[in-house]
Amino acid sequence: MSSLYRAPRGTFDILPEEHVYWKYVEDKAAFWCRLYGYRPLSMPIFEDAQVFTRAVGGATDIVDKEMYVFQDKGGQDLALRAEGTAPVCRAYLEHGMFNLAQPVKLYYIGPTFRYERPQAGRYRQHHQFGYEALGEADPVLDAEVIEMAWRLFLSLGLSGVSIQLNSIGCKTCRPRFLEVLRQHYSVHAENVCADCKGRLARNPLRLLDCKKDYCRELAEAAPKTLDYLCDDCRSHFESVRDYLEKLSIPFHLNHRLVRGLDYYTRTVFEVEPEEMGGQSSLGGGGRYDDLIETLGGRPTPAVGFAAGLERIVLNLKKQNPGIPPLPGPVAYVAYLGQEAKTEAVRLTSELRKDGLAVIMATGDKSLKAQMRHADSLGSSCVVILGREEIQNRTAVVRDMSSGEQRTVAEGDLANVLECRKHPT
Ligand code: HAM
């Protein structure tokens, strides 16, 4: 039977059996956030569209081509969350978090929407885990943000992950670099791809990360941002690298790394998986010292990172680093006859009150069918109630792997099951 409707193109359901991966990643993310002092923030799934257009930049693919924008019934232009950093900054300003001790450290996990051409690892709805440290310019924080990303990926058990690092300067030194970059490309303007022709006019920095062969060669030979940094940006970047070296965090300098959002200043970095293909970064981030001012606040330096959960899960499935299964029910309560069923309802409820994950059979299934059901749910044992057990206030406990059965007094049942509980 095929269903009448399907999930929209570029979106998919995360089925119960997939959640073992998702929970694994989300638990690790929350663990590292707690260790590094980040507190959770949940933002709305849609924002005033200008939060993204002003922050991310009109000449970026995200704003130009990929945002889900709509007008609500009140005529307001809204956009589904296209990324997490701008909404965090909006919330920071809205709730006066600039009055708190700085930096304010916040993290989030949630769906993100981009109208992209769907392919493996690229979806129209994906989920991002991100963290942002707002209100501090110290390069030690850039290093800490990168260190935390590195620790997270190591702890996930993913091998072959690498960190790409660059500095793209600030509003003082970047104009000069863009001028030199334009000069480099001006001779080749006719031969670059159609996208790069647009970039040359509107967003020259993005010329450096074009993936097309010819443009890539040009980018390799292009001037490097690092050679045009002002003194402040240069010493900031030197400090970031020094701290990373002190922390023994490996990184590769990548002069073509510029990121796809316009708000970055100085440090930019990406976490790449073992097999790099297309634009497959597991996560990316950097410093964005002008963004809060762009959204109406006082000049406030900030730095952060976000990773795509789908891409992490894809890589976990590929590498299979031994993810612990989600615990199944500790027991399945089966019954023989109506009288035992009524008793099973009461007993199941009592066991749940004792904190035990118990599933009760339903309907008129044979005992054999109930056993099969228990097995399919991954229950480690079955508690069987029949007429005799009710009369004696006992239950039969059957171990599903050994097939062994023993009779247990009802008063001891919770304790017996407690001993079989999976560690959580
Ligand atoms: P981003 O690089 O656009 O950065 O996205 C972060 C991560 O989200 C990517 O590295 C990728 O893993 C995942 N991702 C992005 N688009 C898709 C997609 N269409 N399908 C699946 N996964 C995707 C940001 O959004 C910045 N806000 C990161 C940041 C935080 N910078 C500073 N703080």
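Look up a bit, the structure's there.
One structure accompanies this document, and this report is about it. Because the structure is a prediction, the values reported are computed rather than measured.

Quick word on the overall build of the chain
Point 1. In terms of helices and strands, the chain carries 15 helices and 16 strands.
Point 2. Relative to the compact-globule value of 22 Å for 424 residues, the chain shows a C-alpha radius of gyration of 28 Å, a clear excess of over 25%.
Point 3. Dimensions of the chain along its principal axes, counting C-alpha atoms only, are 90 × 50 × 45 Å.
Point 4. By sequence separation, contacts in the chain at least 24 residues apart represent 70% of the contacts at least 6 residues apart.
Point 5. Of the roughly 21,100 Å² of accessible surface on the chain, a fraction of 50% belongs to carbon and sulfur atoms.
Point 6. Averaging the coordinates of the 53 positive side-chain charges in the chain and doing the same for the 56 negative ones gives two points 3 Å apart.

What about the pairing of strand E5 (residues 104-113)?
Both faces of the sheet carry side chains from a regular strand, because those side chains alternate between them.
Point 1. Burial analysis of E5 places eight of its ten residues in the buried class, the great majority of the element.
Point 2. Pairing geometry for E5 and strand E6 (residues 125-134), over ten bridges, is antiparallel. Within E6, the residue paired with Lys-105 across the bridge is Ala-133.

Some points on the site of the ligand
Point 1. Not every one of the 25 residues close to the ligand is listed here, only the nearest: Glu-83, Thr-85, Glu-116, Arg-259 and Tyr-264.
Point 2. A distance of 2.6 Å separates a nitrogen atom of the ligand from a polar atom in the side chain of Tyr-264.
Point 3. For the ligand, whose accessible area on its own is 660 Å², the fraction buried by protein is 96%.
Point 4. Taken together, the elements giving at least two residues each to the shell around the ligand come down to E6, strand E10 (283-287) and strand E11 (302-308).
Point 5. It is E11 that contributes the most residues to the shell around the ligand, four residues altogether.

Calculation criteria
- Residues numbered from 1 in each chain as written.
- Predicted model: local features only at pLDDT ≥ 70, side-chain atom pairs only at ≥ 80, totals over all residues.
- Heavy atoms only, no water.
- Helix = DSSP H or I, 4+ residues; strand = E, 2+ residues; numbered from the N terminus.
- Rg over C-alpha atoms; globule rule 2.2 N^0.38 Å.
- Contact = heavy atoms within 4.5 Å.
- Areas by Shrake-Rupley, 256 points an atom, 1.4 Å probe, with all protein chains shown as cover.
- Lys, Arg positive; Asp, Glu negative; His and termini not counted.
- Charge placed at Lys NZ, Arg CZ, Asp CG, Glu CD.
- Buried < 20%, exposed > 50% of the residue type's maximum accessible area, 1.4 Å probe, protein only.
- Pairing = 2+ DSSP bridges.
- Near = heavy atom within 4 Å.
- Polar contact = N/O pair within 3.5 Å; in protein donor to acceptor, adjacent residues only side chain to side chain.

Remember, this is a structural readout, not a statement about activity or role.
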